[in-house]
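Reading the structure
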Amino acid sequence: MSLHSRYPALADLRTRARKRIPHFVWEYLDSATGDESAQHRNRAALDAVLLRPSILHGEFTPDLSTTLMGQSHPLPFGIAPVGMSGLIWPDAERLLAKTAAAAGIPYTLSTVATQTPEALAPHIGEQGWFQIYPPRDPGIRADMLARAKKAGFHTLVLTVDVPVASRRERQTRGGLTNPPRLTPRLAAQALRCPAWLSGIRRTGMPRMRLIDSYATSTAALPSTQHAGYLLRTSPDWEYLRALRDGWDGKLVVKGVLNDGDAARLSDEGIDAIWVSNHAGRQFAAAPASASVLPAIRAATTLPVICDSGVEGGLDILRLIALGADFVMLGRAFHYGLGALGDDGATHVVDLLRQDMIANMGQIGARALSDLPGTLVS
């Protein structure tokens, strides 16, 4: 039986991953903040986007290719940054980077990943993006940028929607600390997940290795107040300009939900705007990414990337129809790793591709540029 027969949807991968990942890790991956209403709004907003079916188009194979910031991609989606990926599944960053390089799609390494840019340099190909949580110290910032650039990461993503730590109550109740430490309660959960535990024994207990290069504290902190927060600052417009001056490459600003901010960003020399509510993990009262996307699209001529709540190829089409040039997914690829290990991320790429092709056939869309015209107003 093929993987597509056993796991034909991301929901199937999520169900299996939940059984194979310890509960405290699952709560980190799958939860949002507050009452999780922002996460629920993401789903509701996407479900409200309807596309008009169209008939008698004959046989055709949709063209899924696109160009983003001057780089061609065979698919209009990529891998979003997820902190501590290697905790969710052992060796996750390397597996995701290799999958992205093979598929020709971007892979975004988080500042708070369990691998350094240097460790991933052999695996990213031409697809390396680096996400930065803004360091307070200009010297640390300059060193991070130099390391990322030397390792082959050509696009920098500044995350701006974490001015302070969010509460993430469900994650906190799960008991995760950073660096992770297996208390008797957490160890008991890990023992029920032998594939995960075997991988962790092989790779070692995950740590934020890039942050470790600069942090002096080794104390176990709550997962919402880890050492990364001790180093970072809440950026302002001057910080953005300094970052632009210090980075020789494409610059993306991630976490935009306000069309007024998008309009101002267009004058700041950045290369793309990333619409995101952090998958509901930062602010429970935030609007859904899909609901603000049309206004942001209208406010800028820059490329627009979008994420949050994407659960399949149809959701990617919905966001592109609303005005996104490109779509990023984070949880989905980690569900794949949790469910299938080494083969999981590649299967997610295949699922998304096949779902897009099937749904584009239903609406008679031969290319991504046809999608806005299929919106049901």
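As a starting point, this report considers the structure included with it. Note that this is a predicted model, so its numbers are computed, not measured. (Residues numbered from 1 in each chain as written. Predicted model: local features only at pLDDT ≥ 70, side-chain atom pairs only at ≥ 80, totals over all residues. Heavy atoms only, no water.)

With respect to burial, strand β9 (residues 250-256) is a largely interior element, six of its seven residues being buried. Sheet topology note: the strand β6 (residues 155-159)/β9 ladder contains five bridges and is parallel. In the sheet register, Leu158 faces β9, and the bridge partner there is Val253. Assessed by its sense of winding, the connection that carries the chain from β9 through helix α15 (residues 259-265) to strand β10 (residues 272-275) is right-handed. (Buried < 20%, exposed > 50% of the residue type's maximum accessible area, 1.4 Å probe, protein only. Helix = DSSP H or I, 4+ residues; strand = E, 2+ residues; numbered from the N terminus. Pairing = 2+ DSSP bridges. Right-handed = clockwise from strand over helix to strand, strands pointing away.)

What follows is about the nonpolar core. Judged by nonpolar contacts, the single largest core of 106 residues is most densely connected at Phe77, Trp196, Leu319 and Phe333. At eight residues, the largest contribution of residues to this core is made by helix α19 (residues 344-363). Ranked by size, the runner-up nonpolar core spans 11 residues in total, among them Leu68, Trp129, Val157 and Trp274. (Core = buried A, V, L, I, M, F, W, Y, C linked by side-chain atoms within 4.5 Å.)

Glancing now at the pattern of salt bridges. For the structure on display, the rule yields 17 salt bridges. The salt bridge involving Arg14 is made with Asp30; its shortest N-O contact spans 2.7 Å. Residue Arg14 is found in helix α2 (residues 10-20), and its partner Asp30 is found in helix α3 (residues 23-30); the two are separated by 16 residues along the sequence. Residue class for Arg14 comes out partly exposed when judged on its relative accessible area of 30%. Judged by relative accessible area, Asp30 falls into the buried class, the value being 6%. A cluster of three or more residues bridged by salt bridges with shared partners is formed by Arg14, Glu27, Asp30, Glu36 and Arg170. (Salt bridge = Lys/Arg side-chain N within 4 Å of Asp/Glu carboxyl O.)

Considering all chains together, one arrives at four aromatic pairs under this definition. A centroid spacing of 6.4 Å and a plane angle of 80° characterise the contact between Trp129 and Trp274, whose relative ring orientation is edge-to-face. Placement of Trp129 in strand β5 (residues 128-132) and of Trp274 in strand β10 is noted, with a sequence separation of 145 residues between them. With respect to class, Trp129 is no different from Trp274; both count as buried. Of note, Arg141 hangs over the ring of Tyr239, and the distance from its end group to the ring centre comes to 4.8 Å. For Lys149, the ring lying beneath its charged end belongs to Trp247, and the centroid distance is 5.2 Å. (Phe/Tyr/Trp six-rings, centres within 6.5 Å; stacked < 30°, edge-to-face > 60°. Lys NZ or Arg CZ within 6 Å of the ring centre and 35° of its normal.)

Before going further, it helps to spend a moment on helix α8 (residues 138-150). Taking 1.5 Å as the rise per residue, α8 with 13 residues should run 18 Å; its terminal C-alpha atoms sit 18 Å apart, in good agreement. Just past α8, the residue Gly152 takes up positive phi, approximately 105°. (Expected span 1.5 Å × (residues − 1).)

Taken together, the buried positions of helix α16 (residues 289-299) are occupied by Ser289, Ala290, Val292, Leu293 and Ile296. Buried positions in α16, seen along its axis, are confined to an arc of 150° and lie on one side of it. Buried-residue contacts for α16 involve α4 (37-47), β9, α15, β10, β11 (304-306) and α17 (313-322). (Arc of directions from axis to C-beta. Contact = heavy atoms within 4.5 Å.)

What follows deals with the packing of helix α6 (residues 92-103) against α19. In the contact formed by α6 and α19, the axes pass within 9 Å of each other and the chain directions differ by 40°. Considering the angle they form, α6 stands oblique to α19. Crossing of α6 over α19 shows right-handed handedness. Residues Leu96, Thr99 and Ala103 of α6 touch α19, and the partners they reach there are Ala345, Thr346 and Val349. Residue composition of the contact of α6 with α19, by class: four nonpolar, two polar and no charged. (Axes fitted to C-alpha atoms, helices over the stretch in contact; angles between N-to-C directions. Parallel < 35°, antiparallel > 145°, perpendicular 65-115°, else oblique. Left-handed = near helix turned anticlockwise from the far one by under 90°. Nonpolar A, V, L, I, M, F, W, Y, C, P; charged D, E, K, R; others polar.)

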